[in-house]
Amino acid sequence: RLVVLAVGADYRRLPADGADRFEGRGLYYAATHIEALESEGKDVVVVGGGNSGGQAVVNLASHARRIYLVVRRPLAATMSSYLIDQIEDCGNVVEVLEGCEVKALHGAEELQGVTVARGDRSEQRLEVTGVFAMIGANPRTEGLTDLVGLDEKGFIVTGEDAQRHRRFAEDREGRDGQALLMETTRPGVFAIGDV
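Structural notes, computed from the coordinates. (Residues numbered from 1 in each chain as written. Predicted model: local features only at pLDDT ≥ 70, side-chain atom pairs only at ≥ 80, totals over all residues. Heavy atoms only, no water.)

## Quick notes on the side chain of His63
Worth spelling out the cut-off: We count a stretch as a helix when DSSP gives it H or I for four or more residues in a row; a strand needs E for two or more, and each element gets its number in order from the N terminus. Residues are treated as being in contact if the distance between any of their heavy atoms lies within 4.5 Å.
Here His63 is to be found in the loop between α3 (51–61) and β5 (66–71). Setting aside anything within four residues of it in sequence, one finds His63 in contact with His33, Ala36, Leu37, Ser39, Glu40 and Gly41.

## Here we look at the sheet that holds strand β3 (residues 27–28)
Quick note on the threshold: Pairing between two strands requires that DSSP report at least two bridges joining them. Lines are fitted to the C-alpha atoms to define the axes, a helix being fitted only along its stretch in contact, and any angle between axes, read from their N-to-C directions, falls within 0 to 180 degrees.
Here five strands make up an open sheet; going across it, the order is β3-β10-β4-β5-β6 and the pairing parallel. In this open sheet, the two edge strands, each paired with only one partner strand, are β3 and β6 (94–98). Packing against the sheet, α3 makes contact with β4 (43–47), β5, β6 and β10 (130–133), and its axis sits at approximately 160 degrees to β4.

## Some details on the pattern of salt bridges
Applicable threshold: Salt bridges are identified by distance alone: a Lys or Arg side-chain nitrogen within 4 Å of an Asp or Glu carboxyl oxygen. Think of it in three bands: residues with accessible area under 20% of the maximum for their type are buried, residues over 50% are exposed, and the middle band is partly exposed, with areas taken using a 1.4 Å probe on protein chains only.
Tallied over the full model, the rule gives twelve salt bridges. Note that Arg65 is salt-bridged to Asp43, the shortest N-O span being 2.9 Å. Within this pair, whereas Arg65 is found in the loop between α3 and β5, its partner Asp43 is found in strand β4, the two being separated by 22 residues in sequence. Arg186 is the salt-bridge partner of Asp171, the closest N and O atoms lying 3.4 Å from each other. You can see Asp171 sitting in helix α7 (residues 168–171) and its partner Arg186 sitting in the loop between α7 and β12 (189–191), a full 15 residues away along the chain. Given a relative accessible area of 3%, Asp171 falls into the buried group.

## Description of unusual backbone geometry
The backbone phi angle of Arg121 is positive, close to 75 degrees, even though this residue is not glycine. Tracing the backbone shows Arg121 in the loop between β8 (111–118) and β9 (123–126).

## A few points about the side chain of Arg167
In plain terms, the rule: Distance and chemistry together define a polar contact, namely a pair of N or O atoms within 3.5 Å, with one atom able to donate a hydrogen and the other to accept it when in protein, and with adjacent residues in sequence counting only for side-chain atoms on both sides.
Within the fold, Arg167 resides in the loop between α6 (159–164) and α7. With relative accessibility at 10%, the residue Arg167 sits in the buried group. Among the polar contacts listed, one links the side chain of Arg167 to the backbone oxygen of Thr145, at a separation of 2.5 Å. When residues no more than four places from it in sequence are discounted, the contact partners of Arg167 are Thr145, Asp146, Leu147, Val148, Gly149, Thr185 and Arg186.

## Describing the pairing of β5
Put simply, the rule reads: Whether a crossover is right-handed comes down to one check: with the strands pointing away from the viewer, does the path from the first strand over the helix to the second run clockwise; if it does, it is right-handed.
Counted residue by residue, β5 has five buried out of six residues, so it is predominantly covered. The sheet contact formed by β4 and β5 spans five bridges and is parallel. Across the sheet, Val44 pairs through a bridge with Ile67, a residue of β5. Handedness of the crossover joining β4 and β5 through α3 is recorded here as right-handed.

Quick look at the structure:
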């Protein structure tokens, strides 16, 4: 009677020297409660100035000793103001490095540091044990365009977003009602996870 879509997304990989060596051993593409606990008392880097980067900083701030937020553009150009405010409320825990990008990851078996390159081509080495790359994802929705409503980036819309989608009335075949929290534009079809 119900279908649950959990097709996920492919995270954009960090384009830095040594990144492939440290995936899962210091380089992460999520910043959930589990990764936050792993960062307890440590210095870490968050890469990405979008809302996912801001949310990662907020999630990590109560655990990490120091967070370097590495972004190419000013936060106001890419991040919601409420997240910028929350980052500012973190005080000295967070240092924003604007106009920068992570160039290389270093270490033996585990991550021990990164090289950050500035726009003026100068470089800085940061001694950190974790890098959280929040630089976007591509949803795995190629075959779902005729089944459910998608947003402009290809992610499945659910709940209130599904109700506002242009396909909502069509997919519901004129039936009234609201979409449940994780329900798509089509009744009885739900979506969970990164998609």
